[in-house]
Amino acid sequence: MLEIKKLDLNYEKHLLYSITGINLSEGDKLCVLGKNGVGKSTFLRALIFDKSKSNKITINNKKSNDLSLSLRVNYFGLQTQNNIDTFWGTAKDFLELSYAKKNDNMKVDLDSLVNDFKLEKIINSRFNILSGGQKKILSIASVFIQNPYVYLLDEPLANLDFFYQKIILNNLKKLKKKIIIMTSHDLTPVNDLSSHLLLLFKNSDYMFGKTEKLFLSENLRKLYGVEFSSIFLNNKNLMYPNL
């Protein structure tokens with residue numbers, strides 16, 4: 001279980017949000033929504049790196065502030081939007097460096113990961129010559145091979161074609177005993193995956209709750225400043241912006 005009793009999000013010494021009352025259990029998938037620059041990526045990084053005494057976060061009944069950075073990294077796996085363009089090894093080297101266990105099962109796990117993410121054509125290619133989308137899929141796959149308890153994914157579907165978006169979503173759905181927290185501007189993860197939402201509005205206002213309670217056109221209009229319509233399809237209320 002991940003419990004955020006209190007988390008102050010700061011950017012350049014300016015308080016963005018003081019978030020309280022977030023509780024997530026194994027199998028929960030939280031999608032963080034909000035305009036550009038409101039603090040979505042800051043929220044993900046703060047869960048690992050912010051050790052402010054005012055913050056009160058527990059993971060499996062352990063206080064985050066009592067854990068060393070190396071232990072917190074074992075609990076949290078972070079994928080960011082930034083590509084590591086200076087890495088000179090192969091795609092396989094990149095994934096092996098992300099491997100946490102370092103045991104004899106490495107080849108088995110890598111082979112399984114390559115198959116799950118359809119990386120056969122690029123696994124032996126130099127990382128620095130790959131496209132931005134290919135680096136993105138490797139960055140996400142590197143979090144899976146770490147096998148953390150909480151997956152922190154920053155815009156995991158951005159700049160990926162529909163083929164790889166489907167692969168990402170399918171692999172996320174398999175994580176039944178993990179907690180997933182992702183940011184997104186694309187509503188596909190909300191429509192297809194999320195159990196909970198964190199809506200980051202302007203002026204430090206936010207809402208947290210189950211997706212079926214918060215995924216409403218009036219909340220999205222307040223969040224983005226545009227009108228939204230909905231379609232009920234396959235027992236789901238699908239939202240789309242009126243652009």
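Our structure is the block above this text.
Residues numbered from 1 in each chain as written. Predicted model: local features only at pLDDT ≥ 70, side-chain atom pairs only at ≥ 80, totals over all residues. Heavy atoms only, no water.

Caption draft 1: Spotlight on the overall build of the chain. Summing up its helical and strand segments, the chain has 9 helices and 13 strands in all. In terms of overall size, the chain behaves like a compact globule, its C-alpha atoms giving a radius of gyration of 18 Å where 243 residues would be expected to give roughly 18 Å. Projected onto its principal axes, the C-alpha coordinates of the chain cover approximately 50 × 45 × 35 Å. Expressed as a percentage of the 243 residues in the chain, the buried residues total 48%. Of the contacts formed within the chain by residues at least 6 apart in sequence, a portion of 63% connects residues at least 24 apart. (Helix = DSSP H or I, 4+ residues; strand = E, 2+ residues; numbered from the N terminus. Rg over C-alpha atoms; globule rule 2.2 N^0.38 Å. Buried < 20%, exposed > 50% of the residue type's maximum accessible area, 1.4 Å probe, protein only. Contact = heavy atoms within 4.5 Å.)

Caption draft 2: Broad picture of the side chain of R72. Positionally, R72 belongs in helix α2 (residues 69-75). Here R72 is buried and forms no salt bridge, its nearest opposite-charge partner D50 lying at an N-O distance of 7.8 Å. With near-sequence residues (within four places) excluded, R72 lies in contact with I48, F49, K51, S64 and L67. (Lys, Arg positive; Asp, Glu negative; His and termini not counted. Salt bridge = Lys/Arg side-chain N within 4 Å of Asp/Glu carboxyl O.)

Caption draft 3: Fine view of the nonpolar core. With 48 residues, the main nonpolar core has L33, L95, F117, L119, L138, L172 and L220 as its most contacted residues. With 7 residues, the top contributor of residues to this core is helix α5 (residues 132-146). Aside from chain neighbours lying at most four places away, what touches L172 is K29, F144, L153, I180, M182 and L193. Of all hydrophobic cores here, the second largest spans 30 residues; its members include A46, I57, F76 and L198. (Core = buried A, V, L, I, M, F, W, Y, C linked by side-chain atoms within 4.5 Å.)

Caption draft 4: Structural detail: unusual backbone geometry. One non-glycine residue, N60, adopts positive backbone phi at about 50 degrees. Positionally, N60 belongs in the loop between β5 (56-59) and β6 (62-63). We classify N60 as partly exposed; its relative accessible area is 29%. Of note in the backbone geometry, N203 takes a positive phi value of approximately 60 degrees without being a glycine. Within the secondary structure layout, N203 lies in the loop between β10 (196-200) and β11 (206-210). Among the residues examined, N203 registers a relative accessible area of 76% and is labelled exposed.

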